[in-house]
Amino acid sequence: MNINKLICTGRLTKDPVLRDVSEEMKVCELRLAVDGMGRGREVGFINVSVFGKAGEAASQYLSKGWLVAVDGRLEFGQWESEAGEKRHDYSVVGNVEFLSAPRPVGQPAEPAAVEAPKPARRKREPAAA
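The rules behind these values
- Residues numbered from 1 in each chain as written.
- Predicted model: local features only at pLDDT ≥ 70, side-chain atom pairs only at ≥ 80, totals over all residues.
- Heavy atoms only, no water.
- Buried < 20%, exposed > 50% of the residue type's maximum accessible area, 1.4 Å probe, protein only.
- Helix = DSSP H or I, 4+ residues; strand = E, 2+ residues; numbered from the N terminus.
- Arc of directions from axis to C-beta.
- Contact = heavy atoms within 4.5 Å.
- Polar contact = N/O pair within 3.5 Å; in protein donor to acceptor, adjacent residues only side chain to side chain.
- Salt bridge = Lys/Arg side-chain N within 4 Å of Asp/Glu carboxyl O.

Peer 1: For this particular structure, what's the right way to read unusual backbone geometry?
Peer 2: Most peptide bonds adopt trans geometry, and most residues besides glycine take a negative phi value. In this structure, Arg41 takes a positive phi of about 65 degrees despite not being glycine. Note on Arg41: relative accessible area 66%, which makes it exposed.

Peer 1: I keep staring at helix H1 (residues 52-61) and nothing clicks. Help me out?
Peer 2: Given 3.6 residues per helical turn, the α-helix brings residues three or four places apart onto the same face. Taken together, the buried positions of H1 are occupied by Gly52, Gly55 and Ala58. The arc enclosing the buried residues of H1, seen along the axis, measures out at 100 degrees, which places them on a common side. In H1, the exposed positions angled more than 90 degrees off the buried face are occupied by Lys53, Gln60 and Tyr61. Turning to H1, the residues buried within the fold contact strand E2 (17-20), strand E3 (26-34), strand E4 (44-51) and strand E6 (86-100).

Peer 1: What is the right way to read the side chain of Asp71 from this model?
Peer 2: Note that Asp71 resides in strand E5 (residues 67-80). For Asp71, the side chain forms a polar contact with the side chain of Lys5, separated by 3.1 Å. Leaving out residues up to four positions away in the same chain, Asp71 has contacts with Lys5, Leu6, Ile7, Gly94 and Asn95.

Peer 1: For this particular structure, what's the right way to read the pattern of salt bridges?
Peer 2: Pairs can form between side chains of opposite charge whenever their charged atoms are close. Evaluated as defined, the whole model comprises four salt bridges. Lys26 is the salt-bridge partner of Asp20, the closest N and O atoms lying 3.2 Å from each other. A salt bridge links Glu75 to Arg73, with the shortest nitrogen-to-oxygen separation between them at 2.9 Å.

Have a look at this one:
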């Protein structure tokens, strides 16, 4: 049995592009930067395709810099460049989860919420026999 499943998180490198595949179907194309997947553990880049209503939502709400999680199947594509060179790449076809919006430049990170201290627990007395 073969399993073709990819799950990763990363940031969008550009705004999503929505295009029509047919009259009923749309696809959203995303480009994701993923830490630690390139050669020498540097940043690698993945093309992602999200179809249907999920793709429409992604194109409406996401923009460059968003942190997203992607899960789907890995697809191989090949073509010939204008110079006649054979080229290839991998892309993911699947789903996207919105994780966090990018912070505007110069805006400090929000401090973590501080919880009120919990009251101390009382010791239980052993039950009399």
